[in-house]
Amino acid sequence: MSSTHIPVVAPATPTVAPRLILAMAAGAGFSVASIYYSQPMLGVIGPDLGAAPAATGMVPTLTQLGYALGILLLAPLGDRFDRRRLILAKAVLLALMLAGAALAGSLPTLLLASLLIGVTATMAQDVVPAAASLAPAAERGSVVGKVMTGLLLGILLSRVASGLVAQWLGWRSMFALAAVSVVLIALALARALPRFAPTTTLGYPALLGSLVALWRGQPALRRAVFAQGLLAVGFSAFWSTLALMLHSRYQVGSAVAGAFGIAGAAGALAAPLAGRWADRLGSHAVARIAILVALAGFAMLLLEAWLPRAAILPLLAVSAVVFDFGFQSALVSHQTLVYGLVPEARSRLNALLFTGVFLGMASGGALGSLALAHWGWTGVALLATATAALSLVVRRR
């Protein structure tokens, strides 16, 4: 009696559960939103603290600078320690810093709190590499894109929320509510996230030193950092100056400035699409197309000088949709590319990429304020268009 041979089928690579993806997307979104709440509120923060507009404009600049420093100095720890513990520790500290901002009695105190908010909000940059580590290679772009959708919606809808809350409840209430939201999302992540095994045993100095080796040894990483960083200059110049321009030229409140985040949020829909396209077409090609789209969106702002007053606000809204779509698509494409270079160093690669992005953001905030002060809104539009064009030159291959 012959036996029947039953072939052994290798188990499929496990996919990431939708509930876990949702938790990570929310964690990334609520944490990164903390660095953008201040932008639509600058018009009310300044008078309340007795600060000039130029000085008040340093609030988002210092927050973004703190974010860049936090990514560079803290994000590499994700390769050395359990990412779950790092995420939860940063969440607790972020909630405390947001509460400190709500209680700030002077601009210097708020500036210090803003810097520290930026540093601790880098928990978002621990969540995204965690998602990349959990995803099978064939789905990495898609999973990263979904988590990035949460992060990008956090960036853009934070402006809507803060604009409305500041107008009706005051800017301090917005920071207080933000602290509560971070505590709640930390509780959710504590239940949803698995533990992550470290991928290196390097000590902290050696871990930071390895960033130099990665930077020198990966030309594709350098191109991604420079291209996305230049694109971030124009992105930040627009969003950092929009509220001040609308307040001075159109006498509108923080709610209207924040509402532009709805237009920008449409661009966040690009994230899962860009992830899938990067899986299928390649990250390089998708990044180039995305930068072209962003360039077109920024160039639309130059039409403002020739349009009637009634057409300006619709132009700003359409431009925000277009350049946000391009910016977010380029970012997800560059992330997918970078995460595939050295898998055991994903946190460090992510740190280098986002340090470049947020140095661009901080520079864009400062340069945008200068451009607005000296050359008006046309100066901001020219800055954004020029830096996007340079980004395309960097990404030519």
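Since this is a predicted model, take the numbers as computed values, not measurements.

The rules we used
- Residues numbered from 1 in each chain as written.
- Predicted model: local features only at pLDDT ≥ 70, side-chain atom pairs only at ≥ 80, totals over all residues.
- Heavy atoms only, no water.
- Helix = DSSP H or I, 4+ residues; strand = E, 2+ residues; numbered from the N terminus.
- Buried < 20%, exposed > 50% of the residue type's maximum accessible area, 1.4 Å probe, protein only.
- Contact = heavy atoms within 4.5 Å.
- Areas by Shrake-Rupley, 256 points an atom, 1.4 Å probe, with all protein chains shown as cover.
- Expected span 1.5 Å × (residues − 1).
- Polar contact = N/O pair within 3.5 Å; in protein donor to acceptor, adjacent residues only side chain to side chain.
- Phe/Tyr/Trp six-rings, centres within 6.5 Å; stacked < 30°, edge-to-face > 60°.
- Lys NZ or Arg CZ within 6 Å of the ring centre and 35° of its normal.
- pLDDT = per-residue confidence, 0-100.
- Axes fitted to C-alpha atoms, helices over the stretch in contact; angles between N-to-C directions.
- Parallel < 35°, antiparallel > 145°, perpendicular 65-115°, else oblique.
- Left-handed = near helix turned anticlockwise from the far one by under 90°.
- Patch = residues over 30% accessible without salt bridge, like charges linked within 9 Å, V, L, I, M, F, W, Y side chains within 5 Å.
- Salt bridge = Lys/Arg side-chain N within 4 Å of Asp/Glu carboxyl O.

Asks: Teacher, can you tell me more about the overall build of the chain here?
Replies: Within the chain, the secondary structure is distributed over 16 helices and zero strands. Expressed as a percentage of its 397 residues, the buried residues of the chain come to 56%. Sequence separation of at least 24 residues holds for 85% of the intrachain contacts in the chain that already meet a minimum separation of 6. On the chain, roughly 15,800 Å² of surface is accessible, and the fraction owed to carbon and sulfur atoms is 72%.

Asks: Sorry, what's going on with helix α6 (residues 107-120) here?
Replies: Given a rise of 1.5 Å per residue, 14 residues ought to cover 20 Å, and the 20 Å separating the end C-alpha atoms of α6 matches this to within 8%. All of the buried residues in α6 are L107, L110, L111, A113, S114, I117, G118 and T120. Residues of α6 that are buried make contact with α2 (42-49), α3 (53-56), α4 (58-74), α5 (83-102) and α9 (171-192).

Asks: For this particular structure, what's the right way to read the side chain of R348?
Replies: Checked against the element boundaries, R348 lands in helix α16 (residues 346-394). Look at R348 and you get buried, because its relative accessible area is 6%. Only 3.4 Å separates the side chain of R348 from the backbone oxygen of E344, close enough to count as a polar contact. When residues no more than four places from it in sequence are discounted, the contact partners of R348 are P76, D79, T200, L202, L207, S210, L211 and L214.

Asks: Just to check I follow, could you spell out the packing of aromatic side chains for this structure?
Replies: Pairs of aromatic rings are described using the distance from one ring centre to the other and the angle between the two planes. Under the criterion given, the structure shown has nine aromatic pairs. Here F298 and F323 contribute two aromatic rings whose centre-to-centre distance is 4.6 Å and whose plane-to-plane angle is 20°, an arrangement assigned as stacked. Highlighted residues: F298 in helix α14 (residues 283-300) and F323 in helix α15 (residues 309-339), separated in sequence by 25 residues. The exposure classification of F298 matches that of F323, with both residues buried. Through a chain of ring-to-ring contacts, the aromatic side chains of F235, F238, W239, F298, F323, F327 and W377 assemble into a single cluster. Positioned above the aromatic ring of F81 is the side chain of R80, whose terminal nitrogen or guanidinium carbon lies 5.0 Å from the ring centre.

Asks: Got a minute to help me understand helix α1 (residues 18-33) in this structure?
Replies: Note: α-helices contain 3.6 residues per turn, so residues at a spacing of three or four share the same orientation. Taking 1.5 Å of rise per residue, 16 residues should cover 22 Å, and α1 covers 22 Å from first to last C-alpha, within 8% of that figure. Those residues of α1 that sit buried are L20, I21, A23, M24, A25, G27, A28, G29, S31, V32 and A33.

Asks: What exactly am I supposed to notice about the confidence of the model for the chain here?
Replies: Any residue range with low pLDDT should be treated as having predicted coordinates unsuitable for detailed reading. Averaged over every residue, the pLDDT of the chain is 85; the share at 70 or more is 89%. Averaged over each element, pLDDT in the chain is lowest for helix α13 (residues 270-281) (65) and highest for α5 (95). Predicted confidence is poor over residues 1-13, with pLDDT under 50, and the contacts of this stretch with residues over four places away or in other chains come to one contact.

Asks: What's the story with the packing of helix α8 (residues 140-168) against α9 in this structure? I'm lost.
Replies: Each pair of packed helices can be summarised by the angle the axes make with each other and by the distance between the axes. It is at 7 Å that the axes of α8 and α9 come closest, and there the two elements cross at 130°. Overall, the two elements α8 and α9 adopt an arrangement that is oblique. For α8 against α9, the interelement crossing comes out right-handed. Facing α8, whose interface residues are A161, S162, V165 and A166, α9 presents W171, S173, M174 and L177.

Asks: What exactly am I supposed to notice about a nonpolar patch on the surface here?
Replies: A surface patch of nonpolar side chains, about 460 Å² in accessible area, is lined by L65, L69, L72, L73, Y204 and L359. Among the elements that line the nonpolar patch, the one with the most residues is α4, at four residues. Residue placement: L69 occurs in helix α4. Of the residues examined, L69 reaches a relative accessible area of 40% and is grouped as partly exposed.

Asks: What's the story with the packing of helix α10 (residues 204-217) against α16 in this structure? I'm lost.
Replies: As a packed pair, α10 and α16 sit with axes 10 Å apart at the nearest point and diverge in direction by 70°. The angle between the axes of α10 and α16 places the two elements in the roughly perpendicular class. Each of L207, S210, L211, L214 and W215 in α10 lies in contact with α16, whose residues at this interface are R348, L349 and L352.

Asks: Help me understand the environment of V233 in this model?
Replies: With respect to the helices, strands and loops of the structure, V233 is situated in helix α11 (residues 219-250). Counting along the chain gives 134 residues from V233 to L367, while the straight-line C-alpha distance between them is 8.2 Å.

Asks: Sorry, what's going on with the pattern of salt bridges here?
Replies: Pairing between side chains becomes possible if they bear opposite charge and their charged atoms approach one another. This structure, assessed with the given rule, holds five salt bridges. Between D48 and R172 there is a salt bridge, with the nearest N and O atoms lying 3.8 Å from each other. Of this pair, D48 sits in helix α2 while R172 sits in helix α9, placing them 124 residues apart in sequence. With a relative accessible area of 47%, D48 lands in the partly exposed category.

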